[in-house]
Amino acid sequence: MAYDNYLTKKSTIPLPLPKPVENCIQTFLPKPFLLLAGISGTGKTRFVREQADASASVERYGIEKGNNYCLVPVRPDWHEPSDLLGYISRIGEGGARYVVTDLLCFIVKAWKHAASSASTAGIEYKDLNSICPFWLCLDEMNLAPVEQYFADYLSILETRKWADGTYSCDPLLKPAVINQQLNKTGSDDLWDKLNIGGDEPLNAGLRDYFSAVGIPLPPNLIVAGTVNMDETTHGFSRKVIDRALTIDFGEFFPNDYEQYYEADKNKTVRTFDFPRLSGVHRESDLSSVPADPDGRKTIEFLKSVNVVLQDTPFQLAFRALNEALLSVVCFCPADDTQLQAVWDDFLMMKVLPRIEGDQEKLACDGDKSLLTGLAVCLKELLTEIWETARPDLLCEPLVNGVILLNPCRSKRKLDWMQKRLLDNNFTTFWP
């Protein structure tokens, strides 16, 4: 994969960047789709609720706690998108009706909060700093095959784009469903169920916009799926993993029994905000990153990793590079140690979750395998943190002057995966 000319593409919209990580309290996510992995009972679902509550603010956003959060328990019998997005019902009198879901109502609620006005010509947004993130939690996400019931979202997610000051996204619910399959009574019923009926100007504008282009993903929607891997659940394809940020709770937020009766007095989890970029440009985005102002270090890092992964199913493409650079922009590392910490977390979120297989697939020969080859490569690339502690980018110290440190996460995970491969003749990232 030729990465060298990646940053010469058209500029994305320049947006305010977060402060360097040691001063940052609120962190922009590189992508609005998270997989929260870990054994049962580690607090994954509660984590999503706490993130929503930490973001909600009547003073800043006009949003009370709980109003920017939606919990959707996934059922094992979900096998197609209507389970999440709703469907047309022709049972009863008066013509077809659209059966809405909690997810669709929540999406429209997020749109209603983010928009200052709307019409068939488009949506005018509030100031980005006045828009609250809306958190959707898909609880036990892999109880059903994700690629089946979540297929529409996975495809539409990649059409999100910030460019020239405008956010755009393809529709989840296409306008033909509204305009061609519903009569006026049916469409009025749909708007009422989505809480955008009536004569209020914003409601009327959103109805016109949705009728013209459909209902897209709102810019402030963050989807987080909780994941357990056991005999009741399904695995993930690389299509799903490639589109998500995977957070292994055992590595990022390990349970500490000593803190059971009271909160940790040393640190707190950072508050995550919705993404403000969909792509990265050298001049408008990376120039303010002290540790990698032109993205060259990150490009060389990913090229070196790809050499090890070449000719395997785990090779990385342009999407991986884009999201690596987005991570650098979002965390804005001040020096090489922090930059390598960003790379370390990127490996844990985007690269290692894709790697799984038996000894043949991972070219295991004695104690050597694809995993050990990757470890040798990373030892040379992560010289500042491989053998020593690295800064924690997802937690915030509660005491001024304290720097939170963790062991190199990818090193620990590679060792664990390699041991699992040798002991069981098969390995995977998932706990």
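These numbers were taken from a predicted model, which means no experiment stands behind them. Throughout, a residue's number is its position along its own chain's written sequence, starting from 1. This being a predicted model, a pLDDT of at least 70 is required before a residue's local features are given, and a value of 80 or more before pairs of side-chain atoms are given or counted; all residues contribute to the totals for chains, interfaces and linings. Values reported for side chains reflect all heavy atoms of the structure, with hydrogen atoms and water molecules removed beforehand.

Caption draft 1: Focus on the packing of helix α11 (residues 296–309) against helix α14 (residues 370–381). As a packed pair, α11 and α14 sit with axes 9 Å apart at the nearest point and diverge in direction by 160°. Taken as axis vectors, α11 and α14 run roughly antiparallel relative to one another. Between α11 and α14 the crossing geometry is right-handed. Taken together, the residues of α14 that come into contact with α11 (itself represented by Phe301, Ser304, Val305, Val308 and Leu309) are Leu370, Gly373, Leu374, Cys377, Leu378 and Leu381. Axis lines are fitted through C-alpha atoms, for helices just across the contact stretch, and the angle between N-to-C directions can take any value from 0 to 180 degrees. Numbered from the N terminus, helices here are DSSP runs of H or I no shorter than four residues, and strands are runs of E no shorter than two. Each angle receives one of four descriptions, namely roughly parallel if under 35 degrees, roughly antiparallel if over 145, roughly perpendicular if within 65 to 115, and oblique otherwise. Take the far helix as your reference; a near helix turned counterclockwise from it by less than a right angle gives a left-handed crossing, and one turned clockwise gives a right-handed crossing. When checking whether two residues touch, look at their non-hydrogen atoms; a contact exists if any pair is within 4.5 Å.

Caption draft 2: Up close: the sheet that holds strand β2 (residues 33–37). Pairs of strands are assigned from DSSP output, requiring at least two bridges between the strands. Taken in spatial order, the five strands line up as β3-β8-β13-β2-β14 in an open sheet, and their pairing is parallel. The open sheet has two free edges, formed respectively by β3 (69–73) and β14 (245–248), since each of these has just one partner strand. Here the average twist between neighbouring strands, direction ignored, is 20°. Pairing geometry for β2 and β14, over four bridges, is parallel. What sits directly across from Leu34, in β14, is Leu245.

Caption draft 3: Region of the structure containing unusual backbone geometry. Of note, Cys332 is a non-glycine position whose phi angle comes to about 45°, a positive value. With respect to the element layout, Cys332 can be found in the loop between α12 (318–331) and α13 (336–351). Even without glycine at this site, Asn425 takes up a positive phi of about 65°. Along the chain, Asn425 falls in the loop between α15 (409–424) and β21 (426–428). Only protein chains enter the accessibility calculation, which uses a 1.4 Å probe; a residue is then buried when its area is under 20% of its type maximum, exposed when over 50%, and partly exposed in between. Accessibility expressed as a relative area gives 41% for Asn425, which makes it partly exposed.

Caption draft 4: Just the pattern of salt bridges, in detail. By convention in these notes, a salt bridge is any Lys or Arg side-chain nitrogen within 4 Å of a carboxyl oxygen on Asp or Glu. Within this structure, the stated rule accounts for 23 salt bridges. Between Arg296 and Glu300 there is a salt bridge, and its shortest N-O distance comes to 3.0 Å. One end of the pair, Arg296, and the other, Glu300, are both in helix α11, four residues apart, so they sit about a helical turn from each other. Between Asp345 and Arg409 there is a salt bridge; the shortest N-O distance is 3.0 Å. Linking Asp345 in helix α13 with Arg409 in helix α15, this pair joins segments that are 64 residues apart in sequence. Taken individually, Asp345 and Arg409 each receive the classification buried, so the pair is uniform in this respect.

Caption draft 5: Structural view of a nonpolar patch on the surface. Exposure above 30% relative accessible area and the lack of any salt bridge qualify a residue for a patch; like charges then connect within 9 Å, and the nonpolar side chains Val, Leu, Ile, Met, Phe, Trp and Tyr within 5 Å. Only the protein chains shown count as cover for residues, and all accessible areas are computed by the Shrake-Rupley method using a 1.4 Å probe. On the surface, a nonpolar cluster with roughly 230 Å² of combined accessible area is contributed by Leu398, Val399 and Val402. Mapping Val399 onto the fold places it in the loop between β19 (395–397) and β20 (405–406).

Caption draft 6: Seen up close, the pairing of β2. Where burial is concerned, most of β2 is hidden: five out of the five residues are buried. Residue alternation in β2 divides its side chains into two sets, Phe33, Leu35 and Ala37 and Leu34 and Leu36, and both sets are buried.

Caption draft 7: Quick peek at helix α8 (residues 201–213). Each helix should span, by expectation, one fewer than its residue count multiplied by 1.5 Å. In this model α8 runs 18 Å from its N-terminal to its C-terminal C-alpha over 13 residues, within 8% of the 18 Å that 1.5 Å per residue would give. Those residues of α8 that fall on the buried side of the exposure criterion are Leu202, Asn203, Gly205, Leu206, Arg207, Tyr209 and Phe210. Against the buried residues of α8 lie α3 (102–114), β6 (115–119), β7 (122–125), α6 (175–179), α7 (184–193) and β12 (215–216). Within two residues after α8, Gly214 carries a phi angle of roughly 90°, on the positive side.

Caption draft 8: Layout of the packing of aromatic side chains. Aromatic contacts are taken between Phe, Tyr and Trp rings whose centres are within 6.5 Å, Trp giving its six-membered ring; a plane angle under 30 degrees counts as stacked, one over 60 as edge-to-face, and the others as tilted. As enumerated under the stated definition, the model contains 21 aromatic pairs in all. Taking the centre distance of 5.5 Å and the plane angle of 85° together, the rings of Phe429 and Trp430 count as edge-to-face. Each member of the pair, Phe429 together with Trp430, is buried. Cluster of aromatic residues (ring-pair linked, three or more members): Trp111, Tyr125, Trp162, Tyr167, Tyr209 and Phe210. Over the aromatic face of Phe274 sits the side chain of Arg276, whose NZ or CZ is 4.4 Å from the ring centroid. Its guanidinium or amino end placed over the ring of Phe429, Lys413 lies 4.5 Å from that ring's centre, counting from NZ or CZ. Whether a charge sits over a ring depends on NZ of Lys or CZ of Arg being within 6 Å of the ring centre and within 35 degrees of the ring normal.

Caption draft 9: Expanded view of the packing of α14 against α15. Their axes nearest at 9 Å, the elements α14 and α15 cross at an angle of 160°. In terms of their interaxial angle, α14 and α15 are classed as roughly antiparallel. At the point where α14 passes α15, the crossing takes the left-handed sense. Every residue of α15 that contacts α14 at Leu371, Thr372, Leu374, Ala375 and Leu378 is listed here: Ser410, Leu414, Met417, Gln418 and Leu421. Any residue that is not Ala, Val, Leu, Ile, Met, Phe, Trp, Tyr, Cys, Pro, Asp, Glu, Lys or Arg is counted as polar, Gly included; the first ten are nonpolar and the last four charged. Residue composition of the contact of α14 with α15, by class: seven nonpolar, three polar and no charged.

In short, geometric facts, not functional conclusions.
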